[in-house]
Amino acid sequence: MARKRGDYFGLSYLVSVILAIIPITSWICGFVTRFMEGKIVAGLIRLIFGWNIIWILDLIFMIISKHIFRIIPI
């Protein structure tokens, strides 16, 4: 059975949740993850607005669905 991985750089779920709890690491990991996925616009939106409501949404989504909040899901 495959192990469920977190959303930040393929790290484990526990490490990803810990990174999501800390605002600055959530902000950095969020926009870097989106840039690595090739989603430039979503990465820029996270870079500009990722320190407020997006951080809270990231934390909630990471705990519930094990993935960060996708502003632009395409």
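What counts and what doesn't
Residues numbered from 1 in each chain as written. Predicted model: local features only at pLDDT ≥ 70, side-chain atom pairs only at ≥ 80, totals over all residues. Heavy atoms only, no water. Phe/Tyr/Trp six-rings, centres within 6.5 Å; stacked < 30°, edge-to-face > 60°. Helix = DSSP H or I, 4+ residues; strand = E, 2+ residues; numbered from the N terminus. Buried < 20%, exposed > 50% of the residue type's maximum accessible area, 1.4 Å probe, protein only. Expected span 1.5 Å × (residues − 1). Contact = heavy atoms within 4.5 Å. Axes fitted to C-alpha atoms, helices over the stretch in contact; angles between N-to-C directions. Parallel < 35°, antiparallel > 145°, perpendicular 65-115°, else oblique. Nonpolar A, V, L, I, M, F, W, Y, C, P; charged D, E, K, R; others polar. Left-handed = near helix turned anticlockwise from the far one by under 90°.

A. Examining the packing of aromatic side chains more closely. Across all of its chains, the model carries 3 aromatic pairs by this definition. An angle of 65° between the planes, with centres 5.3 Å apart, marks the rings of Trp 27 and Phe 31 as edge-to-face. Here Phe 31 and Trp 27 lie together in helix H2 (residues 23-36), a separation of 4 residues that amounts to about one turn. The exposure class of Phe 31 is buried, given its relative accessible area of 14%.

B. Just H2, in detail. Across its 14 residues, H2 extends 20 Å between first and last C-alpha, which sits within 8% of the 20 Å expected from 1.5 Å per residue. All buried positions along H2 are accounted for by Ser 26, Cys 29, Gly 30, Phe 31, Thr 33 and Arg 34. Those residues of H2 that are buried lie in contact with helix H1 (13-21), helix H3 (40-49) and helix H4 (53-65).

C. Quick look at the packing of H1 against H2. For the pair H1 and H2, the least separation of the axes is 5 Å and the interaxial angle reads 110°. Taken together, the axes of H1 and H2 are roughly perpendicular relative to one another. Contacts from Leu 19, Ala 20 and Ile 21 in H1 reach Pro 23, Thr 25, Ser 26 and Cys 29 in H2. Its residues placed into classes, the contact of H1 with H2 shows 5 nonpolar, 2 polar and no charged.

D. Structural detail: the environment of Met 36. With respect to the secondary-structure elements, Met 36 resides in helix H2. Classification of Met 36 as exposed rests on a relative accessible area of 59%. Sequence separation between Met 36 and Phe 9 is 27 residues; the distance between their C-alpha atoms is 8.9 Å.

E. Representation of the packing of H1 against H4 in the model. At a minimum axis distance of 9 Å, the contact between H1 and H4 shows a crossing angle of 160°. The angle between the axes of H1 and H4 places the two elements in the roughly antiparallel class. Read as a crossing pair, H1 and H4 show a hand that is left-handed. Across from Tyr 13, Ser 16, Val 17, Ala 20 and Ile 21 in H1, the residues of H4 making contact are Trp 55, Leu 59, Met 62 and Ile 63. Here the residues of the contact of H1 with H4 sort into 8 nonpolar, 1 polar and no charged.

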